[in-house]
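Read off the chains here:
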Amino acid sequence: TVEALGVDTAIASRHVDHIFADDIVTFAPSQSPTLMESANLWYKALDAILDDTENKQSRMTVTGTPWSTGDVYKGIIDNNDLSTAEGIPPEFSFYIRPAIENGQSIWSERFSLDRFKRIEFNLRGTGRWELNYMCQYTDGANNDLKTSWLQPFQYRNGVIYV
């Protein structure tokens, strides 16, 4: 039996031996802390429905595009790092591929290198190129405050001097 479930689907009373979680996070949760927290909590609840009783080989496969520094995928990476540091075997192994490797498009049939350059140009300054296409969690993604924007100032006689 195969079922397709979305983030808001009720998962109580389900018992499965393989979960294939694909694109749990999309653009909308990346713009809303409330939706992102909901997606993260829903993902964390999936582990409880994995059932080892029949074949002792329950597993979860997670695929997706990074959307923010607080998304499900970054949480999985951080959790793996933390468990490894504490001597607990990591839950996942990773296969992460950026859109461009060694100066070449990894999917040239669909995205030429020139098209990727245009996408990168149009996304400049948003952090989206690094996240969505290069699979890099970088500072400044998700419109975070950048310390380079901060400047000292003086306030005298009702006037701000920078």
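It should be emphasised that the depicted structure is a prediction, and the values quoted were computed from it without experimental measurement. (Residues numbered from 1 in each chain as written. Predicted model: local features only at pLDDT ≥ 70, side-chain atom pairs only at ≥ 80, totals over all residues. Heavy atoms only, no water.)

A. Focus on the pattern of salt bridges. Applying the stated rule across the entire model yields two salt bridges. D78 is paired through a salt bridge with K74; the nearest N and O atoms lie 2.7 Å apart. Note that D78 and K74 are positioned in helix α3 (residues 72-85) at a spacing of four residues, about one turn of the helix. (Salt bridge = Lys/Arg side-chain N within 4 Å of Asp/Glu carboxyl O. Helix = DSSP H or I, 4+ residues; strand = E, 2+ residues; numbered from the N terminus.)

B. Structural view of the environment of G125. Following the sequence through the fold, G125 ends up in the loop between α4 (113-123) and α5 (128-133). Residue class for G125 comes out exposed when judged on its relative accessible area of 68%. Considered as a pair, G125 and A45 are 80 residues apart in the sequence and their alpha carbons are 35 Å apart. (Buried < 20%, exposed > 50% of the residue type's maximum accessible area, 1.4 Å probe, protein only.)

C. Focus on the layout of surface pockets. Its volume calculated, the largest pocket comes out at about 770 Å³. Lining the largest pocket are 25 residues; nearest its centre among them are G64, T65, Y95, R97 and C135. For the lining of the largest pocket, the elements supplying multiple residues, two or more each, are β2 (59-63), α3 and α5. Top element by residues in the lining of the largest pocket is α3. It accounts for three residues. Looking at the lining of the largest pocket residue by residue, the classes come out as 18 nonpolar, five polar and two charged. In this structure, the second largest pocket encloses a volume near 600 Å³. If you trace the second largest pocket, you find 24 residues lining it, with E3, L5, H18, I19 and F20 closest to the centre. (1 Å grid on protein atoms, 1.4 Å probe; cavity = no way out; pocket = protein on both sides within 12 Å on 5 of 7 lines; lining within 4 Å. Points joined across faces, edges and corners; volume = space filled by probe spheres on them. Nonpolar A, V, L, I, M, F, W, Y, C, P; charged D, E, K, R; others polar.)

D. The arrangement of unusual backbone geometry in detail. The phi angle at D23 is positive, at roughly 50 degrees, despite the residue not being glycine. Position of D23 among the secondary structure elements: in the loop between β1 (18-22) and α1 (27-30). One non-glycine residue, C135, lies in the positive phi region at around 55 degrees.

E. View of the packing of aromatic side chains. In the structure shown here, the tally under the stated rule is six aromatic pairs. When the centroid spacing of 5.0 Å and the interplanar angle of 15 degrees are considered together, the rings of F111 and F116 count as stacked. A relative accessible area of 12% places F111 in the buried class. Of note, K74 hangs over the ring of Y137, and the distance from its end group to the ring centre comes to 5.7 Å. When the ring centre of F121 is taken as origin, the NZ or CZ atom of R124, which lies over that ring, is 4.0 Å away. (Phe/Tyr/Trp six-rings, centres within 6.5 Å; stacked < 30°, edge-to-face > 60°. Lys NZ or Arg CZ within 6 Å of the ring centre and 35° of its normal.)

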